[in-house]
Each structure stands twice: as C-alpha cells, then as structure tokens.
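These are the residues of each chain, in order.
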Amino acid sequence: MSATVDTALDNNTQSDHEHHGPAKGIARWLFTTNHKDIGSMYLWFSFAMFLLGGCMALTIRAELFQPGLQLIEPEFFNQMTTLHGLIMVFGAVMPAFVGLANWLIPMMVGAPDMALPRMNNWSFWILPFAFALLVSTLFMEGGAPNFGWTFYAPLSTTYAPDTVTYFIFGVHMMGVSSIMGAINVIATILNMRAPGMTLMKMPLFVWTWLITAFLLIAVMPVLAGVVTMMLMDVHFGTSFFNAAGGGDPVMFQHIFWFFGHPEVYIMILPAFGVVSQIIPTFSRKPLFGYHSMVYAVGSIAILSFIVWAHHMFTVGMPLFGELFFMYATMLIAVPTGVKVFNWIATMFRGSLTFEAPMLFSIAFVVLFTIGGFSGLMLAIAPSDFQYHDTYFVVAHFHYVLVPGAIFGIFAAVYYWLPKWCGNMYDEALAKWHFWLSFVGMNLAFFPMHFLGLAGMPRRIPDYALQFADFNSISTVGAFLFGATQLLFLYLVIKTIRSGEKATDQVWEGAEGLEWTIPSPAPYHTFSTPPEVK
Amino acid sequence: MAQEKSHNKTVYKLLFAVIGMFAFGFALVPLYDVFCEITGINGKTQGRYEVTDAKVLEVDESREVRVQFITHNNENMPWEFRPVVAEIKVHPGELTSVDFYAKNTTSRTMTAQAVPSLSPSRGVDYFHKTECFCFNQQKLEAQEEVLMPLRFVVDKALPDELKVLTLSYTLFDQKNPDQASSGELPMTFTINEQSVATR
Ligand code: HEM
Ligand SMILES: [Cu+2]
C-alpha cells in the first residue's frame, strides 16, 4: 500500500538520528521502524490471512452445500473449522486493527512515530512465524488442531492431536505480539500527543484503541496462562483440566471465556472508532454525543469482564450464576445502544453522501445491530439452552464480526487509502465491492439464524435433510462474498498504482490532523509537533 | 534513543500489569476452588464432618428425604464399582451408613480414588459425611473386592423443597501412566474434594 511512499516528498525537517527516507529493497521491510511501513505490513499480512481463512471457510461451506459427506473427511472438516476461527480472529481481524492503529494513531495525535519503534518491528515480525507454525500443522502427522477455536479441554488436552504443542506455541507468539502492540499504542497515546491534544479532544478512533489496548493487556496474559496450563497438562503430567487428577474441565471454560469475552470487544471497539470517524465526515456534521461515546466505550470494556459465563449457561451453573450473567450481559446492551443512537443521531438531518466508506459504515450500524439483538436473545439464559451450540450462535457472531469488524476495516481502508497512497480509489468498483459483499454476507449468514432455531448443531460436517435448503443458500452466499474480496484486492492494487490524485483533505467534510498533511502522507510526519487549538 | 527512555515508566507499569494478569490467570485455579467451596456451586461436597452439636443428631421424624447413590468409572478404569443400595429414605438428623462395593478386576494391584459430587448443588451444605471412603485412596490387590463405608447425616436445616439428593461418585485410576507424576503436583493436594465433570 505504501509502494508510492518511496517517492513521497520528504521535506520535513529531520532530526539527526532519523533516516531521510525508506531504505531500499527487502531490508526496508525487515528492519523498518517506521509506523507507516509497519502499518502497511500489518494490513497486507491481515489480508493474506483473510484470504487463507476465507478459503478454509469456503471448504467448510462447500462440504455443507448438500447433506451427506461429499468432499472432505469429518476429521479434516474439524481442522478447517478450528483453523478458520483462529486465523480470522488472530490473523485477520486483530492484525488489521493493529495495522490501522500504526498508520493512524501517530498521525491523529500529531506524533512523529509510535513510541517504541523497534518493538513495533518485533511485534509485527513475530506474526508470520506464529501463523507459519499454526498452519504447518496441517501437513503434520495427526493433522492440524481439530478442537475448535475455543479449544475446550479435554478435547484440546487428553484427546488432542500431537500438533497441539505447535498450536500452543503459536498462541504464545500471537499473545506476545499483541501485548507488545498494545504497550506501544498506550505509550504513544499517553506520552506523545501534540501540545493541546487533550484526552477529550482525541479522535474516537484513538480513544477506542486506547481502551482496546488496555483490554489486550488485561486478557492476553490470561490466554497465555490458559494455554500454558494446557501445555503442562499435555506434557508434564499436571491436572489443571483433568478430573482424574483433581482438576476440572469446566474451569478451562471459565478461564478461556474470561479472556474470550473481552476478546470479542477487542475485535469490535476499534471498528466502533472507525465508524465514529467516518459517519460525521459524510454527514457533514460533528459526531453527536462525543463524551457519551467515550464513556460508552469505557463502560462496555469494564462490563466485558463480568459477563463471560454467558457462554456457559448450559454447563450446570447454579440459578444465581445464570441470573447474574444474564442480567450483566443484558446491561452491556445499554452502552451499545447509546452508541448506535449517537451514530444515527449524527446522520439525522445531515447532508449525507454515500461514498464507499459511508456505505460500509451504514451497513455496519444496521447489521451490527442485528447481531446485537441476536446476542440479546442468546443472553436470555433459559432460551440459550435451546440456542446454545446451534447455528444460531454462528449467525450471531458472524453478524457482529463480518459486517461489524470486517466492514469496519473495509470502511477504514477506503476512507484513509487516498491519504496513504495519494490516489483516489475507483468509486464505481468500490460500490460493486460493497453491494456484492453486502448481498453475499447476508445470504451466507442470515439463513443460519433459521437453521439454528430449527436445531441444526454447529461444527458438524453433515446434517439432517430438512436443513438442506438454507444450507445451500448459505453456501452460495459465502462463495459470492469470498469471490468479491478478490475484487477488493484488485481495487486496492489499482489505487496504489494509479488513480486520480487525492487532495490533502481528501473528503470534503473530513476533520482531524491526518487531513492536514499532504497526500500521500510523507514518510515522516509531524517531526515537529503541530499545535492543536 | 532518548525518546524511548521517556517511555520507560509507562512500559514498566504496563509490563507489570501483564505479569500480574498472567499470574492472575493461574490464581484463578485456586480461586475457583475456593469460590466453589464457599458457594457450594459445582456440587463439591464438604470434607469430613465432625458432629460438635448433639442437636444435629436429633432426628426429625416429620420429614423424609430420598438419598440416591450413583457411581461411574472414569474412562479406562476397569474396576467394578457400585452402590450396594441405590436409594434409601432417611429422616434429617438420622445418622446413616451405606456401603459401596468395589472389585479390582485386573491381575495387578491398583490404587483408586473416588470423587464425590452432589446434586442439586444447593444441597451440598446440608449433606454431612462423617465417614467416607472418598477421604482416602483405595488400594486393592488383583481380584480383591471390598465393601467401602459411607456414613452421613442430612441436616435438619435442609430446605423443604429439596426432597431428593443424588450423590455421585466417579472412580479414578490413580496410577494411570499419563498421570503418573500427578501425585507430586500441588494441583492434586485437595484431591478428595474436587468436583467431577460428569455432567
Ligand atoms: C449486545 C451485545 C452482545 C451480546 C448480548 C452477546 C451475547 C452472546 C451470547 C449470550 C453468546 C453465547 C451463545 C452461546 O454459546 O450459546 C455469544 C456468543 C458469541 N458472541 Fe456475542 N454478544 C454480543 C456482542 C458480541 C460482539 C460485539 C462480538 C464480537 C465482535 C460477539 C462475538 C461472539 C462470539 C465470537 C460468540 C461465540 C463464541 C463461540 O462459542 O465460538 N458478540 N454472544
Ligand atoms: Cu461473550
């Protein structure tokens, strides 16, 4: 994405210890400490993982096109669901947001770079190795991990394939990478804001990332802890999760979801931030309720620590536990509702235009809300006994993650791409990308609600005949959505290579420091901090 | 870089938080046990009960509670293991003895551990075991059989609506090769009173 940055003007005054431009060749990418280079690498890596995880999803959907076992063995099917989930969560969504953070946070707060540039290089370069380790298990004896992205013990301990050890080290590496990324984000935001940029003047994208980074610091170590316990159970004879030795498999679920629920907010809060930047621009109005937006994100983050057992309503909790986690979960819908209200209020009576970033953002608001509602249905403990582990859950989390997190990322790329590479993207193609993604995604995931309500369990390679119609529709939608993403790839490359030159402000209604610097953004920006009124 | 230096304080604080949360993850393990013990969630029954107050043993003839016994073998545990009576009716306050039968069906000496779990879990606080084979490990020679005692009393404070208590035991092989070393690890110290995941 920053291929054209090589030629970018670099007329800012430089302090002695900084380079004057990017190094040449591969060394530039291996050793770079530049936040824009690292941001681009994160985004490209994320896109590669998105395609890889997408191919796995299509393998799953192809098998489910018809009832019966056609294409793949059930054992391989399980490996596909597991790797698809892990790759999308840790390889596609999270790195994409870290990439956006790298590109945007320094430019938004008026800092010359991230606080810890060398650590930044490390936290990126760990990732390809982590995922190489994870994906290489596909070619090993015993096959890849097959216990689902939630890796419940004892499936992931007593009954795990030998490759579970690679999985564990892979997760450790991803954890280290995210933690380093989070430390970097927090240090940048807290210590490197331009004079006058008070916390309450920060753009919402910066705010949501600050809170996300704290969530990462709080829960990634717990994830590292739980996989370490698994490692010890598998290799060193402990019994953390082994009832035979005095442990408890249900405890695995508690620890996992203590990480897992905040993790789902890690994947959505930065998207909240993106949408909160974009909607005001294309409504030509300031964001409605800035302060309430900040407080809402904060309360969502805090509440996310006390709702984890809504994933475990059926493990046999006492009534008090069911009630507590049910009401706590429903409580989260309140700040979430505040945000949706504010986005809509921002658009209300604005002079709207519908460029691609805005289209993705509006779809985000509508479809994410549908996902929130299905979440509320799942939060009702007595009905969750019916819905749990069915396709209804699959529908719920795909509605919050695909038109939520992923559409948020698309919106961000369209919105800032002209700033990054200096060229406008092809609006007509982008609209095609939007509408095909929109239709494909809804075709793929909406029928899953009905399948789940009718009782189709998740994570199965074959199903009863009455589910056939909805499943085939879903598969068609999935392939449409998947193929459309190649269009996105083409569009991005085309924009980097050519296209109408973008102005500095790019969008008529855009506000913020990043729009005051030239397009494409020079290799070094804000070497002397800007003054914020 | 001078720049990086100024971030040291932030970074150290955050690293401290990271290490703290890593430790917290492990602390959840004992916390979880303590929490379950205090609240009686999870059907974890209590340890040996000492009758300190004679009133506990005053029998409440007005009420009868059904106590059911069920047994499971953990996978790969070849012993025969069953309650001698599957269900008895007791009055609260009545000290009762029942036996469980176990036989080592293999041709080698084995050690077993039975792990109890009570359902509904609300009953846990009202079910007192004064003696239980689950307080110790059982070592049986090849083909040896044994009757193992359980003495208990149901508390008079048992809520009225609890009319049936089901006590389940799962029998574990203590010398299973893949847990051979587990005996030394702290995780297993409280082995008697751990819950069983047989739901
Ligand atoms: C109003 C907000 C939300 C509520 C009330 C809610 C509620 C729930 C509940 C109760 C479940 C468990 C269902 C079951 O397993 O039976 C669940 C699952 C899930 N939710 Fe949400 N949710 C909300 C928002 C989100 C968001 C924003 C995300 C991610 C961006 C998310 C991601 C997930 C995932 C990934 C699962 C499934 C995990 C698995 O078992 O594989 N949810 N949600
Ligand atoms: Cu959750």
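Analysis parameters
- Residues numbered from 1 in each chain as written.
- Chains lettered and ligands numbered in written order.
- Predicted model: local features only at pLDDT ≥ 70, side-chain atom pairs only at ≥ 80, totals over all residues.
- Heavy atoms only, no water.
- Donors = N, O, S within 2.8 Å, 3.2 Å for Na, K, Ca; no water.
- Helix = DSSP H or I, 4+ residues; strand = E, 2+ residues; numbered from the N terminus.
- Core = buried A, V, L, I, M, F, W, Y, C linked by side-chain atoms within 4.5 Å.
- Buried < 20%, exposed > 50% of the residue type's maximum accessible area, 1.4 Å probe, protein only.
- Contact = heavy atoms within 4.5 Å.
- Near = heavy atom within 4 Å.
- Polar contact = N/O pair within 3.5 Å; in protein donor to acceptor, adjacent residues only side chain to side chain.
- Nonpolar A, V, L, I, M, F, W, Y, C, P; charged D, E, K, R; others polar.
- Axes fitted to C-alpha atoms, helices over the stretch in contact; angles between N-to-C directions.
- Parallel < 35°, antiparallel > 145°, perpendicular 65-115°, else oblique.
- Left-handed = near helix turned anticlockwise from the far one by under 90°.
- Pairing = 2+ DSSP bridges.
- Bend = angle between axes of the 7 residues up to and from the residue.

Caption draft 1: Inspection of the coordination of the iron atom of ligand 1 at higher detail. Just one protein atom donates to the iron atom of ligand 1; it is His396 of chain A (NE2), sitting 2.1 Å from the metal. Its place among the elements puts His396 of chain A in helix H13 (residues 391-421).

Caption draft 2: Spotlight on the nonpolar core. Core analysis: the biggest nonpolar cluster contains 200 residues, and Phe90, Phe131, Phe151, Phe167, Trp209 and Trp343 of chain A have the highest contact counts within it. Apart from the residues within four sequence positions on either side, Trp209 of chain A is in contact with Phe97, Val98, Ala101, Ile105, Val185, Leu216 and Pro270 of chain A. Counting residues in each nonpolar core, the second largest holds 32 residues, with Trp79, Ala114, Cys134 and Leu158 of chain B among its members.

Caption draft 3: The site of ligand 1, seen in detail. Residues and elements named next belong to chain A. Surveying the vicinity of ligand 1 reveals 23 residues, the closest of which are Trp149, Asp384, His388, His396 and Arg458. Within the contact set of ligand 1, an oxygen atom lies 2.9 Å away from a side-chain nitrogen or oxygen of Trp149. Listed by contribution, the elements that provide at least two residues to the shell around ligand 1 are helix H7 (249-266), helix H11 (356-379) and H13. No other element matches H11, which puts six residues into the shell around ligand 1. Considering only residue class, the shell around ligand 1 consists of 13 nonpolar, eight polar and two charged.

Caption draft 4: Layout of the packing of helix H2 (residues 35-63) of chain A against helix H3 (residues 74-109) of chain A. Residue and element names in this part refer to chain A. Two numbers describe how H2 lies on H3: the axes approach to 7 Å, and their chain directions differ by 155°. Between H2 and H3, the angle falls in the class roughly antiparallel. By crossing handedness, the relation of H2 to H3 is classed as left-handed. Tallied by class, the residues present in the contact of H2 with H3 amount to 24 nonpolar, twelve polar and two charged.

Caption draft 5: Up close: the sheet that holds strand E9 (residues 164-173) of chain B. Residue and element names in this part refer to chain B. In space, the five strands of this open sheet follow the order E3-E1-E9-E5-E7, with mixed pairing throughout. Strands at the two margins of the open sheet, each flanked by one partner only, are strand E3 (87-90) and strand E7 (138-140). Averaged over neighbouring strand pairs, the angle between their axes works out to 30° when direction is ignored. Inspection of the sheet shows strand E1 (residues 65-73) paired to E3 by four bridges, in the antiparallel sense. Each residue of the ladder has a partner; that of Gln68, found in E3, is Glu87.

Caption draft 6: Local environment of the environment of Ala444 of chain A. All names here are of chain A. Position of Ala444 among the secondary structure elements: in helix H14 (residues 427-453). We classify Ala444 as buried; its relative accessible area is 2%. Residues Ala444 and Gly477 lie 33 residues apart in sequence; the distance between their C-alpha atoms is 4.2 Å. What Ala444 contacts, discounting residues up to four positions off in sequence, is Ser474, Gly477 and Ala478.

Caption draft 7: Structural view of the sheet that holds strand E4 (residues 96-103) of chain B. Residues and elements named next belong to chain B. Taken together, the four strands give an open sheet; going across it, the order is E2-E4-E8-E6, and neighbouring strands pair in antiparallel fashion. Every other strand in the sheet has two partners, leaving strand E2 (80-83) and strand E6 (127-132) as the edge strands with one partner each. Along the sheet, successive strands turn relative to each other by an average axial angle of 25°, direction set aside. The pairing of E2 with E4 spans four bridges and is classified as antiparallel. Counterpart to Pro83 in the pairing with E4 is Phe100.

Caption draft 8: Just the side chain of Gln277 of chain A, in detail. Relative to the helices and strands, Gln277 of chain A resides in helix H8 (residues 269-283). When neighbours within four sequence positions are excluded, Gln277 of chain A is seen to be in contact with Met108, Pro203, Leu204, Phe205, Tyr415 and Trp416 of chain A.

Caption draft 9: Spotlight on H13 of chain A. Residue and element names in this part refer to chain A. Approximately 40° is the largest bend angle found in H13, and it occurs at Tyr415, with the proline Pro418 only one to four residues beyond. Counting buried residues in H13 gives 30 out of 31 residues, a clear majority hidden from the surface. Near the N-terminus of H13, the side chain that reaches the backbone nitrogen of Phe392, with its oxygen 3.0 Å away, is that of Thr390.

Caption draft 10: Examining the coordination of the copper ion (ligand 2) more closely. All names here are of chain A. Note on the copper ion (ligand 2): its protein donors are His261 (ND1), His310 (NE2) and His311 (NE2). The metal-donor distances range over 1.9 to 2.1 Å. Written as a sequence motif, the donor arrangement for the copper ion (ligand 2) is H-x48-H-H. Between the two metals, the copper ion (ligand 2) and the iron atom of ligand 1, the spacing is 4.6 Å. Taken together, the positions of His261 in helix H7 and His310 in the loop between helix H9 (290-303) and helix H10 (319-347) put the pair 49 residues apart, joining distant regions of the chain. Each member of the pair, His261 together with His310, is buried.

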